[in-house]
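# Structural description and commentary
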Amino acid sequence: MIDISEIIHGEVKEDSSTSWEKILVVAESVTLLRAVLPCLSSMTSRSRRFDLVVGGQPRPAALRLPAGPVGLRSINSADRRAFKHPQPHVRLTVEFKGHLPIGDALAAFLSGGTSAFRRPAGGLRVGFAHSAAKAMPWACGDPAARQLLGERPALESGQPSPVDLVVAAEPAKRRTGSVPVLDVIGAHHRPSWTDLLYASGADIETFITRSRSDSLVPPVDTDVLNPVGFLNEPERGAAWLSPVERRTSRGLAFTDQSGRASPSFDDFAGLSERVVEYVRNYRVVHDDPRLHRGPVEHAAFLAQAACAALPVISQDLNPTVRRLLGPELATAFASTSEHDLADDLVREAYCMSIRRAAFARHGARQRWRAIADSLGLPGGPPPAPTVSVIMATRRPELLASIAEQIGGQDWPHVELVVGLHGVSAEHPKVQWMRETYAGPLVITEIPASRSFGETLNDLCGVASGQLLAKMDDDDWYSAHHITDLVHAAEFSRADLVGAGAEFMYFEALDLTVRRHRSSGNRYANRVPGASMLISAETLRAIGGWAPIPRGLDTALARAVTDSGGAIYRSHGLGIVVRRSAGGHTWDPGVEYFVRGDVQQWAGFAPAPGIIGVGPAQRSVPKSWFELQG
């Protein structure tokens with residue numbers, strides 16, 4: 001049996017035997033299991049049968065049974081069971097037809113998803129030249145990461161390297177043979193508050209200089225710390241960060257006024273998905289800077305909480321912590337109070353904004369990409385994916401709005417592909433767009449006789465992006481719409497993602513409503529047609545868009561699920577759907593959209609961050625049913 005807590009404290013010793021009838025691995029959380037994967041991968045233990053027991057109720061996307069053979073070993077049997085007693089946990093059991101190294105088996109439990117986002121380090125081969133405990137905050141569950149152990153002399157002798165860089169505590173050494181060394185562990189990188197109090201002026205200056213870079217705070221494992229399961233209408237009030245005495249060390253937990261406490265964690269290992277799931281139902285969680293060992297640990301905790309979209313507030317941040325977090329994230333924390341989060345919509349917008357800022361600066365793939373660039377590593381992680389927005393329109397009068405909506409997106413690599421469906425490319429509005437649109441632009445004529453599905457296939461055929469985003473020509477979008485969808489594709493590893501079409505504006509009524517407000521941040525069976533993101537590779541694999549005039553979003557979702565793929569629905573704050581008086585391919589009537597539990601606002605009332613302005617205000621009829629009469 002291998003207990004992950006023993007690995008963390010350096011107590012486990014591998015037996016000299018290498019082949020076992022069964023190997024049992026016990027882990028407190030998926031987060032910790034992913035963190036020590038390099039250590040487990042370095043073990044020589046092999047078995048036909050592996051039992052994996054993980055605390056809590058981890059989501060299937062985070063911990064899965066292998067879908068097929070692992071290496072050359074096919075599967076005899078596989079089973080997953082969830083238990084509530086004596087403590088909540090899941091048990092995965094897989095028996096292979098031959099012996100398999102423990103690292104390969106566990107990587108199969110933890111990996112999966114699309115090729116674009118399979119590895120947290122983006123394909124960079126990272127080696128750890130020290131204990132697994134010190135490597136823990138940096139591994140992020142990448143199956144290519146490994147603990148070097150006895151391979152270190154080979155690295156220094158200049159022989160071919162199995163890794164692209166070495167993570168080590170060697171402040172004076174920048175390279176091991178031909179391999180760059182990333183120094184992240186030394187005391188000069190993670191000083192405690194006491195260390196800083198008694199440090200010399202020169203040491204403090206050095207630390208402050210380093211705090212302006214991205215080399216101190218460990219990357220966040222966003223495959224497990226993400227907004228999946230976010231609750232926008234919480235039932236509990238506030239929780240506070242509190243100290244907890246544990247068997248081997250002092251830990252931390254979130255405790256509310258009634259004394260209920262979350263699972264514990266510590267500053268070194270950081271948050272786990274079990275802690276996040278526990279505090280989802282609180283309206284606000286209060287940080288306490290005094291409980292963190294030092295500024296790096298404090299910043300790491302806040303970055304993890306933000307990536308998980310926890311409603312954490314932390315005011316009066318130390319200047320060093322602010323630098324480590326980055327200006328956008330630090331400003332958001334400093335300017336938000338518990339009173340602000342009393343409103344559900346403001347709270348949701350705040351959690352999504354800190355999540356976005358944390359992903360951009362501290363997410364594992366983004367950080368490893370930046371590290372590879374700073375070290376000048378050839379063939380490092382691929383750049384951020386390119387996105388082509390495909391948009392078909394029959395209304396040239398909307399081209400100015402289209403240019404504003406897509407040109408205002410903050411994702412750095414967006415191509416606009418416009419299909420003029422029955423409209424001449426010589427139209428003055430089209431010429432205006434060619435001359436004024438600043439970003440990459442493709443405009444193509446589509447015969448009016450082509451169905452909507454055929455039109456979209458034509459547009460995808462001329463698009464160059466790795467990811468394809470379908471957007472409507474008359475709706476309003478947030479500047480972060482594409483960014484949020486790409487991030488959602490990354491952390492969900494779903495084959496099709498979209499944003500919930502929760503906000504709708506009815507032109508005839510001059511009325512904004514929000515419906516299905518609890519449907520976001522979940523895996524789903526479909527996503528709205530006005531907001532879809534899919535990889536070009538996946539779209540080709542499922543046969544493209546169905547050549548039909550309507551119902552395309554449902555047909556695409558069915559094609560994805562029929563192929564064994566997953567669908568994820570992000571939050572609904574990034575789009576306002578326009579419902580005009582007519583002209584929709586599907587129009588069940590206004591009453592369909594306003595029945596049930598909906599919020600209503602007079603006039604155009606979008607969520608924060610929407611690009612552009614609404615139409616001219618009109619008087620609201622006494623009842624929208626009068627309009628139908």
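Quick look at the structure, then. (Residues numbered from 1 in each chain as written. Predicted model: local features only at pLDDT ≥ 70, side-chain atom pairs only at ≥ 80, totals over all residues. Heavy atoms only, no water.)

## As for the nonpolar core
Note the cut-off: Nonpolar cores are built from buried Ala, Val, Leu, Ile, Met, Phe, Trp, Tyr and Cys residues. Side-chain atoms within 4.5 Å join them into one set. In this scheme, a residue with accessible area under 20% of its type's maximum is buried, one over 50% is exposed, and one in between is partly exposed, where area comes from a 1.4 Å probe on protein chains only. Pairs of residues are marked as contacts when any of their non-hydrogen atoms sit within 4.5 Å.
Counting 137 residues, the largest nonpolar core has Leu63, Phe254 and Phe333 as its most contacted members. Excluding its chain neighbours within four sequence positions, the residues that come into contact with Phe333 are Leu302, Ala306, Val312, Ser314, Gln315, Leu317, Leu325, Tyr350 and Ile354. Core analysis: the next-biggest nonpolar cluster, separate from the first, contains 23 residues, Ile390, Cys460, Met532 and Val560 among them.

## A short note on the packing of helix α13 (residues 344–362) against helix α18 (residues 481–492)
Put simply, the test is: What counts as an axis is a line fitted to C-alpha atoms, over the stretch in contact for a helix, and the angles between N-to-C directions run from 0 to 180 degrees. The numbering of helices and of strands both runs from the N terminus, where a helix is a DSSP run of H or I of at least 4 residues and a strand a run of E of at least 2. Orientation categories follow fixed angle ranges, with anything under 35 degrees roughly parallel, anything over 145 roughly antiparallel, 65 to 115 roughly perpendicular, and all other angles oblique. Crossing handedness follows the turn of the near helix against the far one: under a right angle anticlockwise gives a left-handed crossing, and clockwise gives a right-handed one. Each residue is assigned to one class: nonpolar for Ala, Val, Leu, Ile, Met, Phe, Trp, Tyr, Cys and Pro, charged for Asp, Glu, Lys and Arg, and polar for all the others, Gly among them.
Between α13 and α18, the least distance of the axes is 11 Å, while the angle of their chain directions is 70°. With respect to α18, the axis of α13 lies roughly perpendicular. In this structure, the crossing between α13 and α18 has a hand that is left-handed. Of the residues in α18, those in contact with Arg355, Arg356, Phe359 and Ala360 of α13 are Thr483, Asp484, His487, Glu490 and Phe491. Residue classes in the contact of α13 with α18 are distributed as three nonpolar, two polar and four charged.

## Description of the packing of aromatic side chains
Where we set the bar: Each Phe, Tyr or Trp ring, with Trp reduced to its six-membered ring, pairs with another whose centre is within 6.5 Å; inter-plane angles below 30 degrees give stacked pairs, above 60 give edge-to-face pairs, and intermediate values give tilted ones. Geometrically, a charge over a ring is one whose NZ (Lys) or CZ (Arg) sits within 6 Å of the ring centre while staying within 35 degrees of the ring normal.
Under the criterion given, the structure shown has 13 aromatic pairs. Between Trp138 and Trp368, the ring centres sit 6.1 Å apart and the planes meet at 65°, which makes this aromatic pair edge-to-face. One end of the pair, Trp138, is in helix α5 (residues 132–139); the other, Trp368, is in helix α14 (residues 364–375), and 230 residues separate them in sequence. Here the two residues Trp138 and Trp368 agree in accessibility, since each one is buried. Ring centres 5.9 Å apart and planes at 15° place the aromatic pair Phe503 and Trp601 in the stacked group. With Phe503 in strand β21 (residues 503–506) and Trp601 in strand β27 (residues 599–602), this pair connects stretches of sequence that are 98 residues apart. By relative accessible area, Phe503 is classed as buried at 1%. Overall, Trp601 belongs to the partly exposed group, its relative accessible area being 27%. Here the aromatic residues Phe359, Phe491, Tyr523 and Tyr568 are joined through ring pairs into a cluster of three or more. When the ring centre of Tyr278 is taken as origin, the NZ or CZ atom of Arg236, which lies over that ring, is 5.9 Å away. The side chain of Arg355 reaches across the aromatic face of Phe359, ending 4.8 Å from its centre.

## Focus: the side chain of Glu273
Under the convention used in this document: Positive charges come from Lys and Arg, negative ones from Asp and Glu, while His and the chain ends are left out of the count. Whenever a carboxyl oxygen of Asp or Glu lies within 4 Å of a side-chain nitrogen of Lys or Arg, that contact is scored as a salt bridge. As used in this structure description, the phrase polar contact means that two N or O atoms lie within 3.5 Å; if the pair is within protein, one of them must be able to donate a hydrogen and the other to accept it, and residues adjacent in sequence are counted only when both atoms belong to side chains.
Tracing the sequence through the fold places Glu273 in helix α9 (residues 273–279). Buried and unpaired, Glu273 has Arg274 as its nearest opposite-charge partner, separated by 6.1 Å. Of note is the side chain of Glu273, whose polar atom sits 2.7 Å from the backbone nitrogen of Val30. Not counting the four nearest positions on each side in its chain, Glu273 is found in contact with Ser29, Val30, Thr31, Val224 and Leu225.

## Points about the pairing of strand β25 (residues 567–570)
To keep things clear, this is the line we draw: In short, DSSP must find at least two bridges between two strands for them to pair.
Burial along β25 is two-sided: Ile567 and Arg569 and Tyr568 and Ser570, pointing in opposite directions, are all buried. Relative to β25, strand β20 (residues 496–499) runs parallel, the two being bridged by four bridges. Looking across to β25, one finds that Val497 is bridged to Tyr568. Pairing between strand β23 (residues 522–523) and β25: two bridges, direction antiparallel.

## Some thoughts on the sheet that holds strand β1 (residues 2–3)
If you trace the five strands from one edge of the open sheet to the other, you get β1-β2-β3-β5-β4, paired in mixed fashion. A single partner strand is all that each edge strand has here, and the edge strands are β1 and β4 (75–83). Contacts from helix α4 (residues 102–110) reach β1, β2 (19–27), β3 (46–55) and β5 (89–101), with the element oriented near 135° to β5.

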